[in-house]
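This is what each chain is made of:
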Amino acid sequence: MYVCHCAVVTDRDVLESIANGAQCVADVARQTGAGRTCGNCISSLRDLVCQHCPVRAERGAVEARELEAEVELGVAGATR
Ligand code: FES
């Protein structure tokens with residue numbers, strides 16, 4: 001499926017870019033050329049990076065564990 005029509009970049013191209021180390025939309029843009037013309041594909045690029053980047057996934061898992069720990073300790077929401 002085409003993600004960026006301007007640069008003719010597919011979701012497979014984006015996933016390959018992530019597999020090659022891209023960790024953000026800017027990395028994907030540098031590697032594939034996507035997102036540099038009209039910008040209409042940026043949200044799709046962001047979604048793919050967020051869903052498939054292992055670094056981001058690990059960061060999200062750590063944040064989720066920290067939030068769970070805060071909830072268990074009764075810290076979360078204490079300042080709300
Ligand atoms: S659709 Fe990606 S820059 Fe235009």
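Structural data are supplied above this passage.
Only a predicted model underlies this, so the values are computations on that prediction, with no experimental measurement involved.

Novice: Explanation requested: the packing of helix H1 (residues 11-19) against helix H3 (residues 42-52) in the structure shown.
Specialist: At a minimum axis distance of 10 Å, the contact between H1 and H3 shows a crossing angle of 45°. The angle between the axes of H1 and H3 places the two elements in the oblique class. Crossing of H1 against H3: the hand is right-handed. Two secondary-structure elements touch here, H1 through Asp11, Val14, Leu15 and Ile18 and H3 through Leu45, Leu48, Val49 and His52. Looking at the contact of H1 with H3, its residues break down into six nonpolar, one polar and one charged.

Novice: Looking at this structure, how should I read H3?
Specialist: Turning to H3, its buried residues are Leu45, Leu48 and Val49. The buried residues of H3 occupy one face: seen down the axis, they fall within an arc of 100°.

Novice: What's the story with the nonpolar core in this structure? I'm lost.
Specialist: Most often, soluble globular proteins keep nonpolar side chains buried together rather than apart. In terms of nonpolar packing, the biggest core is built from 14 residues, with Val14, Ile18, Val28, Leu45 and Val49 touching the most fellow members. Per-element tally for this core: the top contributor is H3, with three residues. In this structure leucine 45 touches Val3, Val14, Val25, Val28, Ala34 and Gly35, once residues within four positions along its chain are discounted.

What counts as what
Residues numbered from 1 in each chain as written. Predicted model: local features only at pLDDT ≥ 70, side-chain atom pairs only at ≥ 80, totals over all residues. Heavy atoms only, no water. Axes fitted to C-alpha atoms, helices over the stretch in contact; angles between N-to-C directions. Helix = DSSP H or I, 4+ residues; strand = E, 2+ residues; numbered from the N terminus. Parallel < 35°, antiparallel > 145°, perpendicular 65-115°, else oblique. Left-handed = near helix turned anticlockwise from the far one by under 90°. Contact = heavy atoms within 4.5 Å. Nonpolar A, V, L, I, M, F, W, Y, C, P; charged D, E, K, R; others polar. Buried < 20%, exposed > 50% of the residue type's maximum accessible area, 1.4 Å probe, protein only. Arc of directions from axis to C-beta. Core = buried A, V, L, I, M, F, W, Y, C linked by side-chain atoms within 4.5 Å.

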